[in-house]
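Architecture and fold: a report
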Amino acid sequence: MTTMRPFAAWLTVALFLLFGSAWVGNVSSPLAALLLFAWLFLVIVWVAFGVVHEAEELADMLGEPLGTLVLTLSIVIIEVVLISAVMLGSSGSSTLARDTMYAVLMIVLNGVVGLGLLLGGFRHYEQSYNLKGASAYLSVIIPLTIIALVLPDFTTSTSDGSLAPPQAFAFSLLTIALYGVFLWLQTGRHRGYFVTTDEQPMDAEDMAHQQSATIDKKKRLLHFGLLLLNILPIVILSKSLAKILDYGIAVTGAPKALGGIIIAILVFAPEGISALIAARADRLTRAINLCLGSVASTLGLTVPAVLAISLYTGQSVLLGVPPSSIVMLMATLILSAMTFSNTRTTMLEGAVHLSLFAVFIVLVFSP
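We now turn to the structure provided with this report. (Residues numbered from 1 in each chain as written. Predicted model: local features only at pLDDT ≥ 70, side-chain atom pairs only at ≥ 80, totals over all residues. Heavy atoms only, no water.)

Helix and strand counts for the protein chain come out as 12 helices and two strands. In the protein chain, the succession of helices and strands from N to C terminus is α-α-α-α-β-α-α-α-α-α-α-α-β-α. Here the protein chain, with 367 residues, has 52% of them falling under the buried criterion. Partitioning the intrachain contacts of the protein chain with sequence separation of at least 6 by distance along the chain shows that 84% fall at a separation of at least 24. Roughly 16,500 Å² of accessible area belongs to the protein chain as shown, and the carbon and sulfur atoms make up 69% of that amount. (Helix = DSSP H or I, 4+ residues; strand = E, 2+ residues; numbered from the N terminus. Buried < 20%, exposed > 50% of the residue type's maximum accessible area, 1.4 Å probe, protein only. Contact = heavy atoms within 4.5 Å. Areas by Shrake-Rupley, 256 points an atom, 1.4 Å probe, with all protein chains shown as cover.)

The next point concerns the nonpolar core. Counting 102 residues, the largest nonpolar core has Ile141, Phe182, Leu292, Val295, Leu329, Phe340 and Phe360 as its most contacted members. Here the element with the most residues in this core is helix α4 (residues 96-124); it accounts for 14 residues. Every residue in contact with Leu292, bar those within four places of it in the chain, is listed here: Leu109, Ala134, Tyr137, Ile141 and Phe340. (Core = buried A, V, L, I, M, F, W, Y, C linked by side-chain atoms within 4.5 Å.)

Moving on, we get to the packing of helix α5 (residues 131-150) against helix α6 (residues 165-187). Axis separation between α5 and α6 bottoms out at 11 Å; the angle between their running directions is 175°. Here α6 runs roughly antiparallel to α5, going by the angle between their axes. Contact residues: Ala136, Tyr137, Val140, Pro143, Leu144 and Ile147 in α5; Phe171, Leu174, Thr175, Leu178, Phe182 and Gln186 in α6. Class assignment of the residues belonging to the contact of α5 with α6 gives a composition of 10 nonpolar, two polar and no charged. (Axes fitted to C-alpha atoms, helices over the stretch in contact; angles between N-to-C directions. Parallel < 35°, antiparallel > 145°, perpendicular 65-115°, else oblique. Nonpolar A, V, L, I, M, F, W, Y, C, P; charged D, E, K, R; others polar.)

Assignment of secondary structure puts Gly111 in helix α4. A residue is classified by how much of its surface remains accessible, and Gly111, at 11% relative accessible area, is buried. For the pair Gly111 and Ala351, spaced 240 residues apart in sequence, the C-alpha separation works out to 9.9 Å.

On to the environment of Tyr193. By the secondary structure assignment, Tyr193 is in the loop between α6 and α7 (204-214). On a C-alpha basis, the gap between Tyr193 and Leu131 in space is 7.7 Å, while along the polypeptide they are 62 residues apart. When neighbours within four sequence positions are excluded, Tyr193 is seen to be in contact with Asn130, Lys132 and Gly133.

To continue, consider unusual backbone geometry. The phi dihedral of Tyr125 is positive, around 70°, even though this residue is not glycine. Mapping Tyr125 onto the fold places it in the loop between α4 and β1 (127-128). In this structure Tyr125 comes out as exposed when scored by relative accessible area, which is 69%. In this model, Asp282 sits at a positive phi of 65°, which is unusual for a non-glycine residue. Structurally, Asp282 can be placed in the loop between α9 (257-280) and α10 (284-313). A residue is classified by how much of its surface remains accessible, and Asp282, at 38% relative accessible area, is partly exposed.

Don't take any of this as a statement about function, it's just geometry.
Here it is, written out as structure tokens:
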């Protein structure tokens with residue numbers, strides 16, 4: 001299975017490099033577009049599971065929180081590549097980054113978190129986790145969400161939910177700086193916030209000594225190489241998938257927000273499944289690290305990437321969400337802060353998060 005994934009992916013890459021221009025450039029039949037989209041979608045999802053597998057192998061070697069960080073960054077890199085491919089390949093994608101980030105927040109913070117707490121609570125009644133880690137994530141997620149998705153609607157430099165160039169430049173630097181400080185603290189002096197409360201985090205010297213003594217460097221390099229081998233086909237195929245997705249939404253008249261939802265599902269399905277498995281196994285700290293870590297990474301990396309593309313190409317990027325989405329964002333952030341204000345969770349918190357997720361789905365098709 002480990003070798004089949006990259007083989008199938010690179011075979012698809014070879015076929016699309018040889019014939020992709022003719023297939024994608026001359027798509028005039030909805031059925032042909034659907035078949036091409038299904039092919040690419042399934043291959044990318046399958047290979048994304050390979051990315052998760054290799055990242056988890058590295059996670060076991062590196063320990064927490066470095067292991068979870070490798071996984072979340074690998075997944076978010078795929079997301080940024082997909083969004084960038086659509087932005088660079090189409091002139092009608094000014095809202096895609098906004099829609100994808102908003103979809104990630106709703107799917108992860110309400111859908112995955114809700115289902116995870118529901119499954120975990122049903123099996124274990126109550127679950128405990130490291131409250132300090134969840135609080136640290138939320139302290140970064142809340143301001144980045146407001147800056148990226150809410151504030152652009154209220155600035156006076158522009159009137160369409162976009163950012164003026166000075167704002168885009170300043171906010172990109174601010175986002176990178178805040179996320180960088182968080183990563184530094186997560187992997188350094190506050191590493192203990194992101195492991196289970198009964199785990200004693202090692203200091204940097206002890207960890208380095210243990211890793212050099214117990215981990216085969218060649219094995220780490222092997223898994224890192226396989227990680228890249230699985231990521232690269234997704235990067236190459238993303239442009240073709242973006243064109244077909246753009247065509248499909250235009251032909252069917254589907255809501256434009258559906259494109260962001262599809263990319264969010266495509267990218268975070270493997271990581272979401274890993275989080276649900278961890279929650280059901282009563283490893284709630286790991287599940288929270290995966291969920292909140294993916295949201296923080298999405299905001300911390302996607303915003304600077306899309307704003308950089310906007311400044312480079314001159315293409316307008318609309319980041320401010322509609323009023324109904326602002327209400328949903330505020331409700332989600334407040335609910336998340338309440339859910340992770342106690343050291344134990346139950347099924348009730350999961351049910352409430354899932355109710356917000358249901359509202360989100362309804363609003364996509366009936367705004």
